[in-house]
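# Summary of the model geometry
Each chain, letter by letter, is given below.
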Amino acid sequence: MPRTTVARRKTAKKPIRQKTRTKRGKQGERRKRLLVLMFVILALMSVVVLKSCFMTIDISKLDYPSFVQQDFIGKDGHSRTGKSMKRVNDIVIHYVANPGSSAKANRDFFDSSQSSVSAHFVVGLKGEVIQCVPLNEQSSASNDRNPDTISIEVCHPKANGKFNSKTYGALIKLTAWLCDEFGLDEEDVIRHYDITGKDCPKYYVEHPDAWEKLKKDVKKAM
């Protein structure tokens, strides 16, 4: 084969190599851009996760309504464990299951050696509201949801567990205020029943329509 033919063939291959190098360069740039994009996404996800793990509200700056009376129970490792609450995802409504008892009586029971339970708030038969546990601490009311819920125990006059009008009104005001402060809505208001299946709050488990009305009333009050 003549040398000139070989030379021509060799010369013809050079543009192909340059084209290949150019293609590889573009692929490298794409990889770099993809890595940068992945890094940005991971950074954003990390921020979201961190926010979900820590309280976003400064408890010390909460403007408590005048109807809330703070009367904290003592730390005993049981009723008031002192464990920090890093995030509030829901508000849990309970009933005291002791017909005719007052908010003060239930608060004092939480503070006694006989108790291993508590709630952040107790709403009484006259509409009084006693805060038993600070909002940056866990209560001992909602089982495995203690770390991320605010608990409200509600007094009731009869065994059926239905709240009277004064109690109901105070509960709606308290719950609406908490939703406003913690960036929640009425769908974040749940029953103890919704966590464990326990018949609590009794009347509002047995009457789902009454529970839906309660949530709508919270929404109206917000």
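Notes on the structure in this doc start here. (Residues numbered from 1 in each chain as written. Predicted model: local features only at pLDDT ≥ 70, side-chain atom pairs only at ≥ 80, totals over all residues. Heavy atoms only, no water.)

## Concerning the packing of aromatic side chains
- Following the criterion strictly, the structure yields 3 aromatic pairs and no others.
- On the numbers, 4.6 Å between centres and 35 degrees between planes, the contact of F163 with Y204 is tilted. Of the two residues, F163 sits in the loop between β5 (149–154) and α3 (165–182) while Y204 sits in helix α5 (residues 202–206), which places them 41 residues apart along the sequence. In this structure, F163 and Y204 share a single accessibility class: buried.
- Here Y203 and Y204 contribute two aromatic rings whose centre-to-centre distance is 5.1 Å and whose plane-to-plane angle is 75 degrees, an arrangement assigned as edge-to-face. (Phe/Tyr/Trp six-rings, centres within 6.5 Å; stacked < 30°, edge-to-face > 60°. Helix = DSSP H or I, 4+ residues; strand = E, 2+ residues; numbered from the N terminus. Buried < 20%, exposed > 50% of the residue type's maximum accessible area, 1.4 Å probe, protein only.)

## Points about the nonpolar core
- Of all hydrophobic cores here, the largest spans 35 residues; its most connected members are F121, I152 and L178.
- Contributing elements (two or more residues each) for this core: β2 (90–95), β3 (121–123), β5, α3, α5 and α6 (208–221).
- It is α3 that provides the largest number of residues to this core, a total of 10 residues.
- Contact partners of F121, with chain neighbours within four places excluded, come to V68, V129, I130, Q131, L135, I150, S151, I152, E153, L174, W177 and L178.
- Listed in part, the 10 residues of the second largest apolar core include I73, F110, V122 and V133. (Core = buried A, V, L, I, M, F, W, Y, C linked by side-chain atoms within 4.5 Å. Contact = heavy atoms within 4.5 Å.)

## Quick notes on the pairing of β5
- With 6 of its 6 residues buried, β5 lies for the most part within the structure.
- The side-chain alternation of β5 yields two buried faces, one formed by T149, S151 and E153 and the other by I150, I152 and V154.
- Relative to β5, β2 runs parallel, the two being bridged by 6 bridges. Looking across to β5, one finds that I93 is bridged to I152. (Pairing = 2+ DSSP bridges.)

## Considerations on the layout of surface pockets
- Considering only enclosed or pocket space, the largest pocket measures out at about 250 Å³ in volume.
- Forming the boundary of the largest pocket are 16 residues, of which Y95, V96, V117, E153 and K198 lie nearest the centre.
- At 3 residues, the largest contribution of residues to the lining of the largest pocket is made by helix α2 (residues 103–110).
- Taken together, the residues that form the lining of the largest pocket break down as 8 nonpolar, 5 polar and 3 charged. (1 Å grid on protein atoms, 1.4 Å probe; cavity = no way out; pocket = protein on both sides within 12 Å on 5 of 7 lines; lining within 4 Å. Points joined across faces, edges and corners; volume = space filled by probe spheres on them. Nonpolar A, V, L, I, M, F, W, Y, C, P; charged D, E, K, R; others polar.)

## A short note on the environment of P134
- Positionally, P134 belongs in the loop between β4 (129–131) and β5.
- Residue P134 is classed as buried on the basis of its relative accessible area of 11%.
- Setting aside its immediate chain neighbours within four residues, P134 contacts F72, R80 and H120.

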